[in-house]
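If you want the building blocks of each chain, they are given just below.
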Amino acid sequence: MNISFEGKVALVTGAASGLGLATAKAFAESGASVALADSNESGARSEADALTALGLKALAIGCDVTDDDQVEAMVERTVATFGRLDVAYNNAGVQNVVAETADATPDDFDRVVAVNLRGVWSSMRFELRQMRRQASGAIVNCSSIGGLKGAPGRGTYQATKHGVLGFTKSAALEYAARGVRINAVCPGLIWTPMVDRMVAAGQGEALEAMEKSIPMERVGRPEEVANVVLWLCSAAASYVTGQAVSVDGGLVVR
């Protein structure tokens, strides 16, 4: 993708692996100074070090997005280090324990909501305060095709991803006339460490069935989601806000 973020500052949560890491790398390779934030601080630091070794600009930040103080500090450190905040990709997320609604536990519900929904809300709060001062910026929130449809056994996860789209659309309206655009991506089946964990947990057959239903007949790559995030954050998408863009090989339109 020939999009330049030279002179821009990007912040990515959940950046130590998977979609977050692929997107952080893409921003850095496109010229941005990138803050890689993750609850796995050592993983984020290792990846940031690898980028700086290539002559790119990267910073690792340990951050649990369920903790408002840590989220606020994440944004403040990014701005203190790089001077501003131009784009953010709120990607940190977890899966629920697969269970029918009647059998789901309150603890698992609270865990998934805390990361997937409250974590996005908290991240947007502090990112938007900085972008509002600048009167410029772009945010992409990571929803999922699970934010567009239901799935047996995944009610909590689907609910949080639907909620991300509600926050995205509402905030987009609030800031549309103030120079800040807010969109969401809805990845389908993308080969990431989260998928590896699902296979290890015995969900391989369900994933194989899902793959067979994809019109493009293959699993997506993290870089394919990263490309869409970069486009949404770039001037090429200057008239796009409040949208949920599916990156799913055609799955949701089948």
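Sequence order sets the numbering: in each chain, residues are counted from 1 along the sequence as written. Per-residue local features of the predicted model are confined to residues with pLDDT of at least 70, and side-chain atom pairs are confined, for both listing and counting, to 80 or more; whole-chain, interface and lining totals are unaffected and use all residues. Heavy atoms throughout the structure, all of them, feed into the side-chain values; hydrogens and water do not.

1. Quick word on the packing of aromatic side chains
Within a pair of aromatic rings, the relevant descriptors are the distance that separates the centres and the angle that separates the planes. Aromatic contacts are taken between Phe, Tyr and Trp rings whose centres are within 6.5 Å, Trp giving its six-membered ring; a plane angle under 30 degrees counts as stacked, one over 60 as edge-to-face, and the others as tilted. According to the stated counting rule, one finds 1 aromatic pair in the structure shown. Each ring, one from F5 and one from F27, has its centre 5.1 Å from the other, and the planes form 85°; the classification is edge-to-face. Here the residue F5 occupies a position in the segment before β1 (9–13), and F27 occupies one in helix α1 (residues 18–29), the gap between them amounting to 22 residues. For the pair shown, F5 and F27 are each scored as buried. Helix numbering and strand numbering both begin at the N terminus, where a helix is a DSSP run of H or I of at least 4 residues and a strand a DSSP run of E of at least 2. Categorising residues by exposure relies on relative accessible area from a 1.4 Å probe, with only protein chains included: less than 20% of the type maximum marks a residue as buried, more than 50% marks it as exposed, and the intermediate range marks it as partly exposed.

2. Side note on unusual backbone geometry
The phi dihedral of A135 falls on the positive side, at around 60°, and the residue is not glycine. Looking at the element boundaries, A135 is found in the loop between α4 (106–134) and β5 (137–142). You can call A135 partly exposed: its relative accessible area is 48%. You will see that E217, though not glycine, has its phi angle at about 60°, which is positive. Structurally, E217 can be placed in the loop between α6 (193–212) and α7 (222–233). Take E217: its relative accessible area is 68%, and that puts it in the exposed class.

3. Looking at the environment of M131
Looking at the element boundaries, M131 is found in helix α4. By relative accessible area, which is 0% here, M131 ends up buried. Between the C-alpha atom of M131 and that of G179, which follows or precedes it by 48 residues, the distance is 8.4 Å. Not counting the four nearest positions on each side in its chain, M131 is found in contact with L85, D86, V87, A88, S136, G137, A138, I139 and V180. Note on definitions: a residue-residue contact is assigned when non-hydrogen atoms from the two residues lie within 4.5 Å.

4. Structural notes on helix α3 (residues 68–82)
Take the residue count of a helix, subtract one, and multiply by 1.5 Å to get its expected span. For α3, which comprises 15 residues, the first-to-last C-alpha distance of 21 Å matches the rise-based estimate of 21 Å (1.5 Å per residue) to within 8%. When we look at burial in α3, the residues that qualify are V71, M74, V75, T78 and V79. Projected down its long axis, α3 shows its buried positions confined to an angular sector of 120°, all on one face. Exposed and oriented more than 90 degrees from the buried face of α3 are D69 and A80. Considering only its buried residues, α3 is in contact with β1, β2 (33–38), β3 (57–62) and α4. Here a polar contact is recorded for every N or O atom pair within 3.5 Å, except that within protein the pair must consist of a potential hydrogen donor and a potential acceptor, and residues adjacent in sequence are included only if both atoms are side-chain atoms. The opening residue of α3, the one whose side-chain oxygen lies 2.9 Å from the backbone nitrogen of D69, is D67. Positive backbone phi, at 95°, marks G83, one or two positions downstream of α3. Directions from the helix axis toward the C-beta atoms define the arc.

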